[in-house]
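Residue strings, one per chain:
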Amino acid sequence: MIVITKFGGSSLSSAKQFAKVKKIIKADDKRKVVVCSALGKRNKEDSKITDLLYILHAHLKYKVSYDEVWNVIYSRFTDVERELKLDINIAADLDKLKSELNKDISEEYLVSRGEYLTSKLMAAYLGFEFCDSKDLLKFNYDGKLDEEATGKNIQDAFEKNHQMVVPGFYGSYPNGQVKLLSRGGSDITGSILAKYLGASVYENWTDVSGILAADPKVVENPKAIKEITYTELRELSYMGASVLHEETIFPVQSVNIPINLRNTNEPDNPGTLIKNVCEDTNTLVTGIAGKTDFISFDIYKDHMSNEVGFLRKAVEIFEKFNVSIEHIPSGIDSFSVVVSKDSVEKYQYDIIMELKNKLGAEVNIVNDISLVAVVGRNMAKKSGICAKIFETLGSNVINVRLLAQGPSELNIIIGVAKVDYKKTINCLYNALLG
Ligand code: ASP
């Protein structure tokens, strides 16, 4: 049995954090593969190595002196080596990188050195083999993963090495050039390795003990979720809960490998388990999430309900301006189109004009709508949740501006005015999860 572990930047910010990682790895000999992010922040004021490398590249591009930022990067790595009493001469790698610094160095290559050097230190510290992701994760020129080559490379490397450390966040194109994933992409590296090695679980170690049932910036001390399905996680993340890189789940979900979110600073906490199916049928509501800053276009026309194709024509106007629609709550001769403020900012008045002139509709704009989602896999099987939500909102004098329940009944979405946003989440949390 193999467990894939991935450690985020805050789990790798200093020699002290490296020691915690080692303790975790040595506590279970199934933990044979370790994916590393780059050294992260040691405290709030500190910088992530990845950010410093992006800044370094900008200095090179605009031909400004980069000594200061380079020295910080240099000492972050050499400090860890010295404090852990390693003897791998990381300075030689850094000197080589320095000799490659000029305005033509690829940003992707330079930034990838964060995870590369961090993983070299970790491999030496654990006594595991270092395997460069450039030789494992292969991408086509269109950016798609070459699944066959990647699968084979990963399996061959594991067969040869048995215990390995792999840098997250990058792979390579067919010509060998480094391809960087999007920010936070080491999560995806771990997921890909878990898939091709048939891991029993993919452990993702960060600095929080799993997914919280609500945003701690909104609800004081929300509880952690013990188990959640992939689909629930998708709903919560889409509605604002930031957990994993959103593409992380696809490789492991397709082959039924659970993800376990764990806290490096609290290793005894079991964290959150994310799976395809959760057996527990007692938990009705899993979590509450929300997003602010939506606009509702309220569209009216007499006898609209008799006019075949009216909705399509209205939706096409939004499509023309490349605006993605969140919800379309509807009445008989009216419906609303809810979109994010960001997406529509530039075209709001053009869209209104087209709706009026081309379709003869009356349009009202409602600004500052916030959406709150109550998510739970077991809600569909039980009655009374909606009653409880409305009773809670009513008794707290919160006016519901719109309501949407998807066909999967995995979530109930409530639109409220922005001023009621935090109050809504708190009241619902206390009533449904508190
Ligand atoms: N170090 C990269 C970042 O900061 C990738 C990662 O940590 O997943 O985005």
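Refer to the preceding data block for the structure.
What you see is a predicted model, and the numbers here were worked out from it, not measured in a lab.

1. Focus on the site of the ligand
Taken together, S37, K48, T50, E115, F169, R183, G184, G185 and S186 make up the full set of residues adjacent to the ligand. Between an oxygen atom of the ligand and a side-chain N or O atom of S37, the distance comes to 3.0 Å. Its free accessible area being 260 Å², the ligand has 92% of it covered by the protein chains. Counting atoms within 2 Å of the grid points, the majority share of the ligand lands in the largest pocket. Its residues assigned to classes, the shell around the ligand shows 1 nonpolar, 5 polar and 3 charged.

2. Observations concerning the sheet that holds strand β7 (residues 201-206)
Read from one edge of the open sheet, 8 strands run β3-β4-β2-β1-β7-β9-β10-β8, paired in mixed fashion. Lying at the two open borders of the sheet, with one neighbouring strand each, are β3 (129-130) and β8 (227-229). Here helix α5 (residues 107-126) sits on the sheet in contact with β2 (31-36), β3 and β4 (164-167), set at roughly 170° to β4. Along the sheet face, helix α8 (residues 230-238) touches β8, β9 (259-263) and β10 (272-275) and points at about 85° away from the line of β8.

3. Digging into helix α3 (residues 67-83)
Compared with the 24 Å implied by 1.5 Å per residue over 17 residues, the 24 Å span of α3 between its first and last C-alpha is a close match. Taken together, the buried positions of α3 are occupied by V69, W70, I73, R76, F77, T78, V80 and E81.

4. Notes on helix α1 (residues 15-26)
Here α1 contains 12 residues, and its C-alpha end-to-end distance of 16 Å stays within 8% of the 16 Å for a straight helix at 1.5 Å per residue. Taken residue by residue, α1 has A15, Q17, F18, V21, I24 and I25 as its buried positions. Structurally, α1 contributes buried residues whose contacts are with β1 (3-7), β2, α3, α5 and β7.

Conventions we followed
- Residues numbered from 1 in each chain as written.
- Predicted model: local features only at pLDDT ≥ 70, side-chain atom pairs only at ≥ 80, totals over all residues.
- Heavy atoms only, no water.
- Near = heavy atom within 4 Å.
- Polar contact = N/O pair within 3.5 Å; in protein donor to acceptor, adjacent residues only side chain to side chain.
- Areas by Shrake-Rupley, 256 points an atom, 1.4 Å probe, with all protein chains shown as cover.
- 1 Å grid on protein atoms, 1.4 Å probe; cavity = no way out; pocket = protein on both sides within 12 Å on 5 of 7 lines; lining within 4 Å.
- Sits in = over half its atoms within 2 Å of the grid points.
- Nonpolar A, V, L, I, M, F, W, Y, C, P; charged D, E, K, R; others polar.
- Pairing = 2+ DSSP bridges.
- Helix = DSSP H or I, 4+ residues; strand = E, 2+ residues; numbered from the N terminus.
- Contact = heavy atoms within 4.5 Å.
- Axes fitted to C-alpha atoms, helices over the stretch in contact; angles between N-to-C directions.
- Expected span 1.5 Å × (residues − 1).
- Buried < 20%, exposed > 50% of the residue type's maximum accessible area, 1.4 Å probe, protein only.

By themselves, these figures tell us nothing about what the structure is for.
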